[in-house]
Amino acid sequence: MTGRAIEHAAVVLPAHNEEQHLGPALTALQRAADALPHHCPDVTVSITVVLDSCTDGSAAIAAAFAAADPRLGMVAVDVRSTGESRAAGIGAALETLRHERAAVWLANTDADSIVPEDWLVGHVRMADSGVDAILGSVEPNAQDLEPALLHRWLELHPFHEDHPHIHGANFGVRASSYLAVGGFPRLRAHEDRVLAELLLREGHRVRATDTLRIITSGRTHARAPQGFAAYLHALSQELPAASAL
């Protein structure tokens, strides 16, 4: 609903016991943050890791990254909710910023996901074109899936512009639009879909694109009910029946 140029990109990444994936995810985000000033020199960046009920080494990993990179901060919560974690991270990020909210871009991803180097550049450039929210695409890591399951997933999720899929792991939104509709709902799953529907309903300009694709874990052990891993697990359960037809 506004064409205001972006001045700050605030990345928010929730993590619940992600010691296996968090390091690579943060390394990829740092590369994306490093690339941003080369293409968008007037845009600053911050990264907020939300540690939700972590009992493994995730906090130590995040702390090591934060000690070496002033762009990175941490928030600890005990909610076991992806929606509430995302909302807490965004709230913490916005508290430290003095920019007008229409000039702040909220780039959301997950701790088990790898963003490409041009991820933030792409988000900012698209936002500067007048977009209020971006629904990026995701691709499960092929090394995590049996070939039959990966083939079935790709059949159901062809990569193209204006796709119908919504993933919190690759979801960008202008802060003013985010706040105008109440932000991420405090849900354990589907908080991304609810927010996208609210934005569309209120007339904000939402673009679904495959130009900003990320790689996410293909694990089928669900951390969130009805989340991406749960969907992959359900899809794997359909494969024997489908092949028997």
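Read on for a plain summary of the structure. All values reported here derive from a predicted model rather than from experimental measurement. (Residues numbered from 1 in each chain as written. Predicted model: local features only at pLDDT ≥ 70, side-chain atom pairs only at ≥ 80, totals over all residues. Heavy atoms only, no water.)

Along the backbone of the protein chain there are eight helices and ten strands. The buried share among the 245 residues of the protein chain stands at 51%. Across the protein chain, contacts joining residues at least 24 apart in sequence account for 82% of those joining residues at least 6 apart. (Helix = DSSP H or I, 4+ residues; strand = E, 2+ residues; numbered from the N terminus. Buried < 20%, exposed > 50% of the residue type's maximum accessible area, 1.4 Å probe, protein only. Contact = heavy atoms within 4.5 Å.)

Looking now at unusual backbone geometry. Its identity is not glycine, yet Ser-53 carries a phi of approximately 55°, on the positive side. Tracing the backbone through its elements, the reader meets Ser-53 in the loop between strand E2 (44-52) and helix H2 (58-68). Its relative accessible area of 10% is what places Ser-53 among the buried residues. Within the chain, His-190 stands out as a residue other than glycine whose phi angle is a positive 65°. With respect to the element layout, His-190 can be found in the loop between helix H6 (175-180) and helix H7 (191-201).

Looking now at empty space enclosed by the protein. Empty space among the atoms can be located by rolling a probe the size of a water molecule over them. Here the structure, examined in full by the defined rule, presents one cavity of 30 Å³ or more. Split by residue class, the lining of the largest cavity holds four nonpolar, six polar and one charged. (1 Å grid on protein atoms, 1.4 Å probe; cavity = no way out; pocket = protein on both sides within 12 Å on 5 of 7 lines; lining within 4 Å. Points joined across faces, edges and corners; volume = space filled by probe spheres on them. Nonpolar A, V, L, I, M, F, W, Y, C, P; charged D, E, K, R; others polar.)

Let's shift gears to the packing of aromatic side chains. Tallied over the entire structure, the rule returns two aromatic pairs. The interplanar angle of 65° and the centroid separation of 5.7 Å between the aromatic rings of Tyr-178 and Phe-184 together place this pair among those described as edge-to-face. According to the relative accessible area criterion, Phe-184 is buried, its value standing at 0%. Here the aromatic cluster, defined as three or more aromatic residues joined through ring pairs, consists of Phe-171, Tyr-178 and Phe-184. Looking at Arg-213, its charged tip hangs above the ring of Phe-159, at a distance of 3.6 Å from the centre. (Phe/Tyr/Trp six-rings, centres within 6.5 Å; stacked < 30°, edge-to-face > 60°. Lys NZ or Arg CZ within 6 Å of the ring centre and 35° of its normal.)

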